Amino acid sequence: MAAAATFSTSFWGDQDRGLDVLIARMKNGKHITAEIAQVFKERASIEEEFGKRLTKLAKTFTTTEEIGTLRESLDLVKSELETSARAHLDIANEIRLQLEKQTNDFLQQQSAVRKSHHANIERRLKAKAAMYANAQKAGAKYVSKCREVDQMNIPQPNLPPKDAEKLQIRLERAQQQANQNDIEYVSAIERLGDAHIKWEEEFRHTCNEFQRLEEERIDFLRGRLWAYANIISTLCVSDDESCERVRGSLEKCSVAKDLALFLDTSTTGTIVPQPLQYINYYSKTQERTAGPPVTLSRSYAAGEEGPISPPANRSGPLLGNLASSAGSQFGTLAGMFKKNGAAGGENGKGGQGGGFGTLFKKNDPQQNAPRESFGSNGGFGGTGMYGKGVGTGGVVIQAEEEEFQYDPYDFSEKSPPLFQVRVLYDYQSQAFEELTVSRGQIIPVIAKHEDGWWEGVVMEGERKRKGLFPSNFVEPLE
């Protein structure tokens, strides 16, 4: 059989709502008790006034002019008036002494006890709230500093050595501050736990005292109302019938049933709230562990696999890459250039792949000498003032100050993409025509090249731009 519900087990829950419900109940009980005391006072005044008027009526009533048996009857009426007046005066005095005064004394006693316990629990509650605020503040500082350390741990491969050294010093200081914040956070949690225990003990005690006060109040008011009904019922049969109905209703009054109904309609929960627990930022558990190692070279999380490198057959700007894919369309690309001097070599070799070279630069004192320029894919350009290139991968010849210009915004947004891909690994662009992509990013593909580099479109600010990215860093979407 389940144990009966009590105040100390029924008014827990978040945000200490149970205390507010209990205080409201005690105040309502106080108001009801005061209302009943006022009823007793007014009824005593009415009975006193009625008794005085009956006494005056009995004195003014005379039977001297009557004779015989009728006079005896009139004398009896006068006597009954006097008797009824004394009875009402006695009832008024009895109501004041037994009902009104005792109810006011009981109300003052209960108010003093209730205020004392309310003050104690409010003091504990404020202390717990202050400790809770301190714990939250300490936790926020701890998390903020840990995030700052994480931000500094993000790899920055192009950072100059001096800046890297400064960043390392800042990282070490931030790690030390994070450890100090961790200690303060743990201390704040411990203080909050102590305050919570004291508040919980005081709250249980207050609940028990409030339940005792409610039991006494209900029992007292039931007894005073019962006495009120007995006093009034002595006047006459009609009043007694009215009071019998009151007694009938009072007989049905039960302390246990009233408390059970209150608990059933006003309970706020039976689970005792737990104090704020320490959660480690890195392990996400209550166990304290060391923070992340102080390092600047970590690219992937522990256990996460990343690609070794992008496709190896691309070398530099987009022009060499596009030349590779265009070899099947252009078999021979020849150029003739003339610049301040005699001819150089006559023939030039065509490289296979995406390599490219620059034959001459403006005002080059060695422009009459044959020169070779190699790309990273192993191909090389032509030689001499008049060059000729033949090959399957295509040859690019550049003369004077003509430079390759790649416009990332030169594409048609109306043309549908070939397909879409999802980025598996972060990639930082190494050239102007390349894209910087992040893991999880969705990219529409507009061109595929045989060297393993694909061309896609991404948002750059408020505009779209195109660029290359390694195909082994992504996966096609179904």
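Look a little higher up for the structure.
Since we're looking at a predicted model, the values are computed, not measured.

Caption draft 1: Focus on the packing of aromatic side chains. Within this structure, the stated rule accounts for 12 aromatic pairs. Pairwise contacts between aromatic rings join Tyr425, Tyr427, Trp453 and Phe473 into one cluster. Here the guanidinium or amino end of arginine 463 rests over the ring plane of tyrosine 409, the centre of that ring lying 3.9 Å away. Here arginine 465 stacks its cationic end above the ring of phenylalanine 432, 5.7 Å away from the centre of that ring.

Caption draft 2: Layout of helix H3 (residues 68-152). Given a rise of 1.5 Å per residue, 85 residues ought to cover 126 Å, and the 122 Å separating the end C-alpha atoms of H3 matches this to within 8%. Residue arginine 96 marks the point of greatest curvature in H3, where the axis turns by about 35°.

Caption draft 3: Structural view of the pattern of salt bridges. Evaluated as defined, the whole model comprises 15 salt bridges. A salt bridge links lysine 128 to aspartate 16, with the shortest nitrogen-to-oxygen separation between them at 3.0 Å. Highlighted residues: lysine 128 in helix H3 and aspartate 16 in the loop between helix H1 (7-10) and helix H2 (17-60), separated in sequence by 112 residues. The class for lysine 128 is buried, based on a relative accessible area of 12%. Judged by relative accessible area, aspartate 16 falls into the buried class, the value being 17%. The closest approach of N and O atoms between glutamate 216 and arginine 212, which form a salt bridge, is 2.8 Å. Pair noted here: glutamate 216 and arginine 212 are both in helix H4 (residues 161-232), with a separation of 4 residues, about one helical turn. Its relative accessible area of 31% is what places arginine 212 among the partly exposed residues. Here the salt bridges share partners, and the residues they tie into one network are Arg25, Glu214 and Arg217.

Definitions and limits used
- Residues numbered from 1 in each chain as written.
- Predicted model: local features only at pLDDT ≥ 70, side-chain atom pairs only at ≥ 80, totals over all residues.
- Heavy atoms only, no water.
- Phe/Tyr/Trp six-rings, centres within 6.5 Å; stacked < 30°, edge-to-face > 60°.
- Lys NZ or Arg CZ within 6 Å of the ring centre and 35° of its normal.
- Helix = DSSP H or I, 4+ residues; strand = E, 2+ residues; numbered from the N terminus.
- Expected span 1.5 Å × (residues − 1).
- Bend = angle between axes of the 7 residues up to and from the residue.
- Salt bridge = Lys/Arg side-chain N within 4 Å of Asp/Glu carboxyl O.
- Buried < 20%, exposed > 50% of the residue type's maximum accessible area, 1.4 Å probe, protein only.

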